[in-house]
Amino acid sequence: MKIFKLALGMVAALVLASCNINEMPEFDDSNAFVAFSSSAVSAQEGGDDVKIPVLYTSRAGLSAEIEVEVIDSTAVEGRDFTIENKKLSFNKENPTQNVVIKVTNDEEYTGSRAFTLVLKESGVKLGASKKCVVRIADDEHPLNFLFNDYAANITDNWGDSYDIVGTITRDNDDDHKVWIKDLLTPWFSSAGYTPKSFYGFVNDEKTIISVPAGQETGYTASSNPIILYVCDNADLSGEMYSSGKNLTIEILDNGAKLHIVEGWGCSNGSSWYEANLGDVIATKK
C-alpha cells in the first residue's frame, strides 16, 4: 500500500511540474495579419502631412516588420511627394504605425494625381486592405473659386420655405465636373431621407453649371432612389423632365453667388418629395 501511495505522489508531482499554472500559454498567431486602415485617402497640395495608419492584428503581441512600396503612380515620387518611412516595425506596445507622406506644393496647375501604396509580402500575412490609393488634389485647380459652402432660402410648391446650406466640391478626374451636396435637397434632412451628392458640368467660360436631370439625389427609407427632375421654367408651371434637360446654375461675381434658374423637383416617379421654385440666389459663406 505504501508503494502504491508513493507512486501516486510521484505521478501527481510530474503532472504539476508539467502544468505550472503560472506559465502563460504560448500563441503561434498563425492568423495574425497587417493591413491599411483605409483603402483610399486624399491629400492636398500645401496641406498638412498625410498619415496613413497600418494595423498589425496579433493576439499575442508578436513583433513584425513590413515595407511599403509605390505602384501605379501618376505622381512622381521625390517631386510631387515624399514618403518619410517605408519600413514599419510593430510590437505589443506599438500595433499601429503610420506611413507619413509629405505633398509638394508646386505652385502650378498640373491636375489631380494619384499613386498606390502596397504592403510588400514578408513573414506576416497581409489583410484585405493591402493597398491604399492616395489622391493628390491640386490647389491650383481652375474651379477653386467654387469649392465652398453656399447658403440659400428655397420655397417649395406648397409655400414652405427652407434655409439651407449646400456644398460644391471638386471631381477627382474631370476639371469641368463638380459635385453638389444638399444645395438642391432642402427637405430631405427634415423628412428623414438620405440625400446623395450629384454632379454638374462647368462651361469653359466658368459662368454656368449644368446639372443633368435624371440623377439620383437620395434614397427613401425603403431604399427607393429619388430622381432629380427639371422644369421648363422657374415657377413650376411647365413640364418636368427626368432626362434630356439640364438645371442651369449661373455663376455670379466670380463664384460669390449662384443663381438657380429653373424650378426643380425630386421624385421616385410616383410621389414628389420636393418641388421647388427656381430663381434662387445662393451666397458663398
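Fair warning: this is a prediction, and the values are worked out from it, not measured in the lab.

Rules of the game
Residues numbered from 1 in each chain as written. Predicted model: local features only at pLDDT ≥ 70, side-chain atom pairs only at ≥ 80, totals over all residues. Heavy atoms only, no water. Helix = DSSP H or I, 4+ residues; strand = E, 2+ residues; numbered from the N terminus. Buried < 20%, exposed > 50% of the residue type's maximum accessible area, 1.4 Å probe, protein only. Contact = heavy atoms within 4.5 Å. Core = buried A, V, L, I, M, F, W, Y, C linked by side-chain atoms within 4.5 Å. Pairing = 2+ DSSP bridges. Axes fitted to C-alpha atoms, helices over the stretch in contact; angles between N-to-C directions. Salt bridge = Lys/Arg side-chain N within 4 Å of Asp/Glu carboxyl O.

*Asks:* Could you clarify how one ought to interpret the overall build of the chain in this entry?
*Replies:* Scanning the chain for helices and strands turns up two helices and 24 strands. Counting over 285 residues, the chain shows a buried share of 37%. Put simply, 57% of the contacts in the chain that link residues at least 6 apart link residues at least 24 apart.

*Asks:* Even after reading the chapter, I still don't get the nonpolar core, so can you show me in this structure?
*Replies:* Soluble globular proteins: nonpolar side chains tend toward being buried together. With 29 residues, the main nonpolar core has Leu 146, Ile 168, Leu 183, Ile 209, Val 211, Leu 258 and Trp 264 as its most contacted residues. The contacts of Val 211, once residues within four sequence positions are left out, are Ile 180, Phe 198, Tyr 199, Gly 200, Leu 228, Val 230, Lys 245, Asn 246, Leu 247 and Ile 249. With 28 residues, the next largest nonpolar core counts Ala 32, Val 99, Ile 101 and Leu 117 among its residues.

*Asks:* What is the right way to look at the sheet that holds strand 3 (residues 50–57) in this model?
*Replies:* Spatial strand order, 5-7-3-1-9: five strands in an open sheet with mixed pairing. In the strand order of this sheet, the two ends are held by strand 5 (81–83) and strand 9 (125–126), each with one partner. Here strand 1 (residues 33–36) pairs with strand 3 via four bridges, running antiparallel. Its bridge partner being in strand 3, Phe 36 is matched across the sheet by Val 54.

*Asks:* Before we go on, may I ask you to explain the sheet that holds strand 6 (residues 87–90) in this structure?
*Replies:* Hydrogen bonds between backbone atoms are what pair the strands of a sheet, whose relative direction is either parallel or antiparallel. Taken in spatial order, the five strands line up as 2-10-8-4-6 in an open sheet, and their pairing is mixed. Here the strands that pair on one side only, and so sit at the sheet edges, are strand 2 (40–44) and strand 6. Mean inter-strand twist for the sheet, computed between neighbouring axes without regard to direction, equals 25 degrees. In terms of strand pairing, strand 4 (residues 64–71) meets strand 6 through four bridges, oriented antiparallel. Bridging from a neighbouring strand, Ala 64 pairs with Phe 90 of strand 6.

*Asks:* When you look at the environment of Ser 210 in this model, what are you seeing that I'm missing?
*Replies:* Relative to the helices and strands, Ser 210 is located in strand 16 (residues 208–212). Judged by relative accessible area, Ser 210 falls into the partly exposed class, the value being 22%. Along the backbone, Ser 210 and Val 178 are 32 residues apart, and their C-alpha atoms lie at a distance of 9.9 Å. Not counting the four nearest positions on each side in its chain, Ser 210 is found in contact with Gly 200, Phe 201, Asn 246 and Leu 247.

*Asks:* When you look at the pattern of salt bridges in this model, what are you seeing that I'm missing?
*Replies:* Should their charged atoms come close, side chains of opposite charge can pair. A full pass over the atoms with the stated rule returns eleven salt bridges. When the shortest N-O distance is used, the salt bridge between Asp 49 and Lys 102 registers 2.9 Å. Separated by 53 residues along the polypeptide, Asp 49 in the loop between strand 2 and strand 3 and Lys 102 in strand 7 (residues 96–103) bring together distant segments of the chain. On the basis of relative accessibility, which here comes to 33%, the residue Lys 102 falls in the partly exposed class. Lys 86 is the partner of Glu 77 in a salt bridge, and the nearest nitrogen-oxygen pair spans 2.9 Å. Via salt bridges that share partners, Glu 45, Arg 79, Asp 80, Asp 106, Arg 113 and Asp 138 belong to a single interconnected network.

Shape descriptors only; they carry no functional weight alone.
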